[in-house]
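In case you want the letters, here they are:
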Amino acid sequence: MNTYDQLIRNNKAWAEDMERKDPGFFSRLVHVQNPEFLWIGCSDSRVPANEITGTLPGQIFVHRNIANMVVNTDVNLLSVLEYAVLVLKVKHVIVCGHYGCGGVKAAMTDQSIGIIDTWLRNIKDVYRLHKEEVDAIPSEQGRFDRMVELNVMEQVMDLAKTTIVQRGWADRNGPDLHGWVYRLSDGIVHSVCDIPAGTAQEPIHMYGNL
Ligand code: CO
């Protein structure tokens, strides 16, 4: 277990190790940020974007919140998305959920936790949209796992409905959107959906003047 002081020591050792393996690594990164990927993941400490994808600083632009939500009134998420899609011009946006997500689990109960109730409200809508399928799953674990998958799929669909993504599609036919679910017990990600750039949405979600 790391103590606070160890974090500082670890950082020094890490920076030295990176520089030893790849001299000039940090000084090159100072001048350019050119990631190909935007990661929208859960804040859960067990699902770190860089480690589980084997990527280095500079390769993934990251936004994390509880239960990897794409909430269309969240100025934080929208700012990250706009910068990633329209300025950095990422090629792929990945929404990565994970089995065992406490946020999804909390949303499936009738218990109030606090302000997070409001944040998780949209997950209850995911349940409403897929109630028949979810309720037909016999085990509680099965229903929970499926809700994690469906929640990721709905967030990816919500990305496709944003003017930001649709402007990217209109301007440069990118980015592609992807939904993943990470399994805590083996460290493996599973693809649950893909929406390639330019995929037609329901007419009311298509902004024809972009
Ligand atoms: Co989570």
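That block above? That's the structure.
The model shown is predicted, which means the values in this text are computed figures rather than measured ones.

Draft legend 1. Representation of helix 4 (residues 75-87). Here helix 4 spans 17 Å end to end across 13 residues, near enough to the 18 Å set by a 1.5 Å rise per residue. Among the residues of helix 4, Leu77, Val80, Leu81, Ala84 and Val85 are the ones counted as buried. For helix 4, the angular spread of the buried residues around the axis is 110 degrees, confining them to a single face. Its buried side turned inward, helix 4 meets strand 1 (37-42), strand 2 (60-65), strand 3 (92-98), helix 8 (140-160) and helix 9 (163-172). Capping of helix 4 at its N-terminal end is provided by Asp74; its side-chain oxygen lies 3.0 Å from the backbone amide nitrogen of Asn76. Once helix 4 ends, the next one or two residues include Lys89, with phi positive near 55 degrees.

Draft legend 2. Seen up close, the pairing of strand 3. Burial analysis of strand 3 places six of its seven residues in the buried class, the great majority of the element. Where strand 1 lies against strand 3, five bridges are found, and the strand directions are parallel. Of the residues in strand 3, the one forming a bridge with Leu38 is Val93. As paired elements, strand 3 and strand 4 (residues 176-182) share seven bridges and run parallel to each other. If you follow His92 over to strand 4, its bridge partner there is Asp176.

Draft legend 3. Spotlight on the coordination of the cobalt ion. Around the cobalt ion, the protein contributes the donor atoms Cys42 (SG), His98 (NE2) and Cys101 (SG), at 2.1 to 2.3 Å from the metal centre. Look at where the donors of the cobalt ion fall in the sequence and you get C-x55-H-x2-C. Pair noted here: Cys42 is in strand 1 and Cys101 is in the loop between strand 3 and helix 5 (102-107), with a separation of 59 residues, a long-range link. Classification of Cys42 as buried rests on a relative accessible area of 5%.

Draft legend 4. Expanded view of the pattern of salt bridges. Inspection of the entire model under this criterion finds twelve salt bridges. One salt bridge connects Lys131 with Asp135, and the closest N-O pair in it is separated by 3.0 Å. Of the two residues, Lys131 and Asp135 both sit in helix 7 (residues 131-135), four residues apart, roughly one turn of that helix. Note that Lys161 and Asp158 form a salt bridge whose closest N and O atoms lie 3.6 Å from each other.

Draft legend 5. Molecular detail of the packing of aromatic side chains. Taken as a whole, this structure holds four aromatic pairs when the rule is applied. When the ring of Trp14 is compared with that of Phe26, the centres are 5.5 Å apart and the planes differ by 70 degrees; the resulting orientation is edge-to-face. Of this pair, Trp14 sits in helix 1 (residues 4-21) while Phe26 sits in helix 2 (residues 25-31), and the two are twelve residues apart along the sequence. With relative accessibility at 37%, the residue Trp14 sits in the partly exposed group. By relative accessible area, which is 27% here, Phe26 ends up partly exposed. When the ring of Trp39 is compared with that of Trp180, the centres are 6.0 Å apart and the planes differ by 85 degrees; the resulting orientation is edge-to-face. With a gap of 141 residues between them, Trp39 in strand 1 and Trp180 in strand 4 connect regions that are remote in the sequence. Take Trp39: its relative accessible area is 0%, and that puts it in the buried class. What links up through ring pairs into an aromatic cluster is the set Trp14, Phe25 and Phe26.

Calculation rules
- Residues numbered from 1 in each chain as written.
- Predicted model: local features only at pLDDT ≥ 70, side-chain atom pairs only at ≥ 80, totals over all residues.
- Heavy atoms only, no water.
- Helix = DSSP H or I, 4+ residues; strand = E, 2+ residues; numbered from the N terminus.
- Expected span 1.5 Å × (residues − 1).
- Buried < 20%, exposed > 50% of the residue type's maximum accessible area, 1.4 Å probe, protein only.
- Arc of directions from axis to C-beta.
- Contact = heavy atoms within 4.5 Å.
- Polar contact = N/O pair within 3.5 Å; in protein donor to acceptor, adjacent residues only side chain to side chain.
- Pairing = 2+ DSSP bridges.
- Donors = N, O, S within 2.8 Å, 3.2 Å for Na, K, Ca; no water.
- Salt bridge = Lys/Arg side-chain N within 4 Å of Asp/Glu carboxyl O.
- Phe/Tyr/Trp six-rings, centres within 6.5 Å; stacked < 30°, edge-to-face > 60°.

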